[in-house]
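Descriptive analysis of the structure
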Amino acid sequence: MTSETPGWDAIDAALARLYPGVRARHLGTIIKWALGGPDPLDGISFYPRTDPVPHWHAVTFGMSELYGKQSDNPEDSGWGFEFTFRIRRHPDEAEPPIWAANFLQNLARYVFSTGNWFEPNHHMDLNGPIALDRETLIRAVVFTEDPELAAIETPNGAVQFLQVVGITADEYAATQAWSVVGFLQLLAARLPLLVTDLDRASITDDLDVADAVLEGRQLEGSSTATLALAEFGWRPDGDLIRLVIGAHVAPRVAETLLGRLPFGRSLRLDGPGSSAEFSSGNFFVGTAEDAVNHLDVVLTSEALDGLLQVLVPVAGTRLAPGAEPLVVEIVPTEIRDQEGNIVRTIG
């Protein structure tokens, strides 16, 4: 008899190999996304673990095709992955954290709504704490292959298990200035299986880690080629070109430029309605006739230094020394919680 849930069955089989005889805590969706419900994931299974540290291992059902084949891509099932998430737990904790389930649904909702998917070494700034009801420094995530669940082939195509890893704002800045891959190696040496611990401090507080990040950036530069920023744009301003950047992201842009241009690599900034490509060479600021919303900025080393001087998290408008006609407007950033309330203003 042919199964009506071949994709789901294939994921269950992979989990049964990793957790033989273990019963997961499964949280199912009442009204499915396809039927007009708010949650894209049909369910999330949480496996309680005691080793190497007590944690929940969460695995989603719904980013791939769980039932019949619907997409035109024969190689991948659905989006080609399912999320996994490892969350530190107290040894006597019997029920999985609801905030983690809500967070995974929010990630899935972002993918389904925007069409932007995730791959290993992708990253996301959460612009606030990962858990609404907890005091935590975890405010960003990166994505990597789950260290225990290899990709599987299903009747609907391939499925990769993509682990979500929570990191602090300082750690996120390190991934931008240097490398997600390099930083995850440092993190994995201190956090077995890259378990997300809401109570931990930033590993960049460790001088050895800070030195390793600095050395990596100086030797290798930044691997970040594009920054997608909600608070970025540009517009003509008389004889000037005005760059508008949020105070929250200004230091990140500066660090990434410093890790790209001196190494002969460009950096693209994508805002909601415009984009800009920064590179090194003979100074130039202008647009192509067929790309009116895209700005090309070529900087000498002196012009780059001038631009870096004004990319600070302080509201105001400043000319970039040696980089005229560029003027940088830093606008305050409002940090909101998951309910939309302003909890902090930067700049």
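Residues numbered from 1 in each chain as written. Predicted model: local features only at pLDDT ≥ 70, side-chain atom pairs only at ≥ 80, totals over all residues. Heavy atoms only, no water.

Going by an unreviewed UniProt entry, the protein carries the name Suppressor of fused domain protein and comes from Dactylosporangium vinaceum.

**Observations concerning the pairing of strand 17 (residues 326–331)**
To keep things clear, this is the line we draw: Each residue is assigned to one of three classes by its accessible area relative to the maximum for its type, calculated with a 1.4 Å probe on protein chains only: buried under 20%, partly exposed between the two thresholds, exposed over 50%. Segments assigned H or I by DSSP are reported as helices when at least four residues long, segments assigned E as strands when at least two residues long, and all are numbered from the N terminus. A pair of strands is labelled paired if DSSP reports no fewer than 2 bridges between them.
By the criterion of burial, strand 17 is predominantly enclosed, with 5 of the 6 residues buried. Note that strand 11 (residues 240–246) and strand 17 share 6 bridges and pair parallel. Across the sheet, residue Val 244 finds its bridge partner in strand 17, namely Glu 329. Bridge count for strand 16 (residues 316–319) against strand 17 is 4 bridges, and the pairing is antiparallel. Residue pairing in the sheet places Leu 319 in a bridge with Val 327 of strand 17. Linking two consecutive strands that pair antiparallel, namely strand 16 and strand 17, is a turn of 6 residues; a positive phi of about 75° is found at Gly 322 within it.

**Structural notes on the nonpolar core**
Selection rule: We define a nonpolar core as any set of buried Ala, Val, Leu, Ile, Met, Phe, Trp, Tyr and Cys residues linked to one another through side-chain atoms lying within 4.5 Å.
Residues Leu 257, Phe 278, Leu 299, Leu 307 and Leu 326 are the most contacted members of the largest nonpolar core, which totals 34 residues. For this core, the secondary structure elements donating two or more residues are strand 10 (232–237), strand 11, helix 6 (250–260), strand 12 (267–270), strand 13 (275–280), strand 15 (291–299), helix 7 (301–310) and strand 17. In terms of residues, this core owes the most to one element, helix 7, which gives 5 residues. Counting residues in each nonpolar core, the second largest holds 28 residues, with Phe 81, Phe 103, Val 111 and Phe 143 among its members.

**A short note on the side chain of Asp 42**
Inclusion rule: Any pair of nitrogen or oxygen atoms within 3.5 Å is treated as a polar contact; in protein, a donor-acceptor pairing is required on top of that, and neighbouring residues in sequence qualify only through side-chain atoms on both sides. Here, residues are in contact when the closest pair of their heavy atoms is within 4.5 Å.
Here Asp 42 shows up in the loop between strand 1 (25–28) and strand 2 (43–49). A polar side-chain atom of Asp 42 sits 2.6 Å from a polar atom in the side chain of Tyr 67. Not counting residues up to four positions away in its chain, the partners in contact with Asp 42 are Trp 8, Gly 28, Thr 29, Lys 32, Phe 61, Gly 62, Leu 66 and Tyr 67.

**Some details on the packing of helix 6 against helix 7**
Keep this limit in mind: Orientation is described by lines fitted to C-alpha atoms, with helices fitted over the stretch in contact, and by angles between N-to-C directions that extend from 0 to 180 degrees. Angle categories: roughly parallel below 35 degrees, roughly antiparallel above 145, roughly perpendicular from 65 to 115, and oblique for all the rest. Handedness of a crossing follows from how the near helix is turned relative to the far one, being left-handed for an anticlockwise turn of less than a right angle and right-handed for a clockwise one. Note that Gly is not counted as nonpolar here; it falls among the polar residues with everything else outside the nonpolar set of Ala, Val, Leu, Ile, Met, Phe, Trp, Tyr, Cys and Pro and the charged set of Asp, Glu, Lys and Arg.
Put simply, helix 6 and helix 7 touch, their axes get as near as 9 Å, and they point 160° apart. Here helix 7 runs roughly antiparallel to helix 6, going by the angle between their axes. In the packing of helix 6 onto helix 7, the handedness of the crossing is left-handed. In this structure, helix 6 contributes Ala 254, Leu 257 and Leu 258 to the contact, and helix 7 contributes Leu 304, Leu 307 and Leu 308. Looking at the contact of helix 6 with helix 7 residue by residue, the class counts come to 6 nonpolar, no polar and no charged.

**Observations concerning the environment of Asp 12**
Locating Asp 12 in the fold gives a position in helix 1 (residues 6–18). Residue classification places Asp 12 among the partly exposed positions, given a relative accessible area of 33%.

**Describing helix 2 (residues 98–114)**
So the rule is basically this: Residue count minus one, scaled by 1.5 Å, sets the expected span of a helix.
Between its terminal C-alpha atoms helix 2 stretches 24 Å, which fits the 24 Å expected from 17 residues at 1.5 Å a residue. Along helix 2, the positions that sit buried rather than exposed are Trp 99, Ala 100, Ala 101, Phe 103, Leu 104, Gln 105, Leu 107, Ala 108 and Val 111.

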